[in-house]
Amino acid sequence: MILILSNKWDLSVDFVICELRKRKQPYLRLNTEDLPSEIASVTFPNFQILVTKGREKYDLTKCINVIWNRRPGKPYDDVPKSDRPSQAIKHFVDDQWYSWLESLQLIKDVTWINHPHANDSMESKIRQLKLATEIGFMIPETLITNDPNSVRARLEDHRDGLVVKALYSPLIEETAQDYFIFTNQIKKITSDTDKEIRISPSIFQQPILPKTDYRVTVIRNKVFSVKILHKDGSSIKNDWRTIKDNIQFVPCELPKDVEDLCIKYISQSKLLFGAIDFAERNGDFIFLEINPNGEWGWLQKPYGLPIAECLCDLMIYYDNLR
Amino acid sequence: MLKPFLLRFAKKCISPARVEHNRDFIYDSESDIVICTEGSTRVPAVQSSRGNGPETKKCDIEKGDDLKDRRMWN
């Protein structure tokens, strides 16, 4: 059976569930934020991972062949803010459940899409860039540093300034408000910022201008590509994610050599799924990054890319292997 | 207090756990998907033509992929 780890409000999963039901393929969707209202156990010496869902009880060690590690929810996700415990207690509870869920990695002969270790490993932007160059992708000239003087020196080399972005997750979760750091462009830094730059390393890259953005979703050896443009067909100068309206995703084909490299990249990353971002300039596809668990639902519906169908094909293939 | 350089560029956003869901959209545990009401019929949210419901993008402003995925939970 296929196990889907996610949360109730993950509509991308709904696309897949609709397809699995259409194909009459057995699956178990665990919205992991609900686990506190179920019974979840691990037993020894007879190793079993047991979980209930409503009235049903499952021995995951016996019935699972494929795990789609999508977006597991956390226990307090659906609890009103006023009823949540302190951050410290919340983290404690999250950690206990994380440990329980981690036991799923002990089930033999399961295919993960993607394995948490592979996801985790490929969230490293340094590893991403290194692998990209090793397999033959072009990447932007890159400096990852907390040294303001090195940044200053690079700025002198680049008239258009430098692109700056976070080395790791760009989300900042405060108690009352979350913040996100998009990719930005800087032309200069002042001595005032030197101490700030030293606090933590950031990525500084040569800007690719003019450029056209591409989002390439790879599912093992299938490639779905879209070009990201303004609605008038013009390309986007900055981080396309900052644009809420006036944006379109145009399905397209990549040059064969780029497509082959995408498949190779996914394979060498030990991933089965990944979403790669490119900037294209004068026919050159420049690798920016990969999102090992990248979102795709917004491409499925309005743009008709059969990503859910392809994911189902993959899951059913591995489910039937055992 | 001194903050990391990149925080100069931080923008407010809404993350999933902080989203108030539109009450016309509910999770149906029988069908294992989110459904919404269109007239007298209930349809899967992903097949609905209605806007203003839950979206496949995780968050509001960020439309991002590379957050909250770094481990299964963190």
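Reading the values: the criteria
- Residues numbered from 1 in each chain as written.
- Chains lettered and ligands numbered in written order.
- Predicted model: local features only at pLDDT ≥ 70, side-chain atom pairs only at ≥ 80, totals over all residues.
- Domains from an automatic or database assignment.
- Pairing = 2+ DSSP bridges.
- Helix = DSSP H or I, 4+ residues; strand = E, 2+ residues; numbered from the N terminus.
- Axes fitted to C-alpha atoms, helices over the stretch in contact; angles between N-to-C directions.
- Expected span 1.5 Å × (residues − 1).
- Buried ≥ 20, exposed ≤ 12 C-beta atoms within 10 Å, placed from the backbone.
- Arc of directions from axis to C-beta.

Things to note about the domain arrangement of chain A
Segmentation of chain A into domains returns domain 1 (2-114), domain 2 (141-205) and domain 3 (209-292). Between the C-alpha centres of domain 1 of chain A and domain 2 of chain A there is a distance of 37 Å.

Some points on the sheet that holds strand β10 (residues 171-173) of chain A
Strand order in the open sheet made by the 3 strands is β10(A)-β11(A)-β1(B), with antiparallel pairing throughout. Strands with a single pairing partner mark the edges of an open sheet, and in this sheet they are β10 of chain A together with β1 (10-13) of chain B. Neighbouring strand axes in the sheet, compared pairwise and without regard to direction, differ in orientation by 30 degrees on average. Pairing of strand β11 (residues 178-181) of chain A with β1 of chain B, which is carried by 4 bridges, proceeds in the antiparallel orientation. Bridging across to β1 of chain B, Phe180 of chain A finds its partner in Lys11 of chain B.

Regarding the sheet that holds strand β6 (residues 66-69) of chain A
Hydrogen bonds along the backbone pair up the strands of a sheet, which may run parallel or antiparallel. Residue and element names in this part refer to chain A. Strands sit in the order β2-β1-β6-β7 across an open sheet of 4 strands; the sheet is parallel. Of all strands in the sheet, those bounded by a partner on one side alone are β2 (27-31) and β7 (111-113). Taken pair by pair, the neighbouring strands of this sheet meet at an average axis angle of 15 degrees, ignoring direction. When strand β1 (residues 2-6) meets β2, the two strands line up parallel, connected through 5 bridges.

A few points about helix α8 (residues 256-268) of chain A
Residue and element names in this part refer to chain A. Taking 1.5 Å per residue, 13 residues should reach 18 Å; α8 reaches 18 Å between its end C-alpha atoms and fits that length. Within the sequence span of α8, burial applies to Val258, Cys262, Tyr265 and Ile266. Considered in projection along α8, the buried side chains sweep an arc of 95 degrees and stay on one side of the axis. Exposed and oriented more than 90 degrees from the buried face of α8 are Lys256, Asp257 and Gln268. Phi turns positive, to about 60 degrees, at Lys270, one or two residues after α8.

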